[in-house]
Amino acid sequence: MLNNTEKIEKNQDEFEFLEKPSEKKAKMKDFLEKIKNKVSEKMSLKIFECGDIVGFLKSKGEKIRLHGGNFCNNRFCPLCSWRKAKKDGYLLMLLFSVVQKIYKKELIFLTLTAPNVVSVLLESEIKDFNKSFERLVKTKDFKNICKGYIRKLEVTYNAQENTYHPHFHVVIAVNKSYFTDTKCYINQKKWLEMWQIAKRNPKITQVDIRKAKLDDMKGVYEMATYSAKASDYLYSEDTFDTFYSALKGKQLITFNGLFKEILKEVKAGEHSELIESDGEIYNKQLWFNWIEEKYKLFRTDELSDSEMQKIYLDEIEID
């Protein structure tokens, strides 16, 4: 690798791809202030230094990919949760592709909600969501159609009403005949009725259910997105305490049935042929450090001919 270690003076505005990590990094002081009394000194230091250095790969076609840096990996970190959401998105795209192309199943996206709750009830409400979902998946109608599912918890905050909205994003693998077989198909009205019964709450007024397409990026985003947005949990000291208490140590995403089996296969190195290349050849790595409240380019690594490579969706990470 050829290193250019001479300091490079360039304005951050010249690098549009820094906008999102800069936005997240700018929230780190507030985040550290709110969490410092809840974590060890060692973790506090990691959070303090998180994102001080970030690296991006640059292709001949001017495509940019985040690829390296120092990160704290704390669940509530604004920068790390954004980075993990991107990784989760890559993994989900692979899983969905395997389900549809290899196992010849279709996918449906289901969103399960309930009325908002106040802060003191959030943790118990999340536990009730888990129990209610267990009741739902044990119903005859659900078991009849489901070949596997992924369930993701998300919590949002309503600042005007000072209430919290936990809900589940669920993707379900079904047979291709699901949409034409009247004995199996479940319409929206029936899904609502099933969830009202499982949640034991007739006040629930809606569920969202729709067929997923292979390139349904909206559905992937909803499954991969943060379990809680930094703008919500950093709203105040009280909201942070509520989110932290309710989500700390909780399993936020679960894989079941066919999806669980596919995860094992991916871990074993199978299905690599479905990891799509973005078609770019990356020949540079740009390194930035956080100075005076902005990222500044301090080093460019030129990749030699032997090091030039097509970068695949290598951000896939399986916990």
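Whatever comes next refers back to the structure up there.
Being a predicted model, the structure only gives us computed values, none of them experimental.

Q: Quick question: what am I supposed to make of the packing of helix 5 (residues 122-137) against helix 10 (residues 237-247) here?
A: What describes two packed helices is the angle between their axes and the distance between those same axes. One can describe the packing of helix 5 onto helix 10 by two numbers: an axis separation of 9 Å at closest approach and a directional angle of 35°. Between helix 5 and helix 10 the crossing geometry is right-handed. Where helix 5 approaches helix 10, its residues L122, E123 and I126 are matched on the opposing element by T242, S245, A246 and L247. A per-class count over the contact of helix 5 with helix 10 returns four nonpolar, two polar and one charged.

Q: Whenever I open this one, the side chain of H165 confuses me. Can you help?
A: Checked against the element boundaries, H165 lands in strand 6 (residues 163-174). Among the polar contacts made by the side chain of H165, one reaches the main-chain carbonyl oxygen of A114 at a distance of 3.5 Å. Those residues within four positions of H165 in sequence are excluded, and the remaining contacts are T113, A114, N116, E154, V155 and T156.

Q: What should I look at first to understand helix 11 (residues 258-267) in this one?
A: Helical periodicity: at 3.6 residues per turn, an α-helix aligns residues three or four positions apart in one direction. Restricting attention to buried positions, one finds in helix 11 the residues L258, F259, I262, L263, E265 and V266. For helix 11, the buried positions fall inside an angular range of 160° around the axis, keeping them on one side. Buried residues belonging to helix 11 abut helix 4 (78-101), strand 4 (106-112), strand 5 (148-158), strand 6 and strand 8 (253-257). With its phi angle positive at about 95°, G269 sits one or two positions after the end of helix 11.

Calculation rules
- Residues numbered from 1 in each chain as written.
- Predicted model: local features only at pLDDT ≥ 70, side-chain atom pairs only at ≥ 80, totals over all residues.
- Heavy atoms only, no water.
- Axes fitted to C-alpha atoms, helices over the stretch in contact; angles between N-to-C directions.
- Helix = DSSP H or I, 4+ residues; strand = E, 2+ residues; numbered from the N terminus.
- Left-handed = near helix turned anticlockwise from the far one by under 90°.
- Contact = heavy atoms within 4.5 Å.
- Nonpolar A, V, L, I, M, F, W, Y, C, P; charged D, E, K, R; others polar.
- Polar contact = N/O pair within 3.5 Å; in protein donor to acceptor, adjacent residues only side chain to side chain.
- Buried < 20%, exposed > 50% of the residue type's maximum accessible area, 1.4 Å probe, protein only.
- Arc of directions from axis to C-beta.

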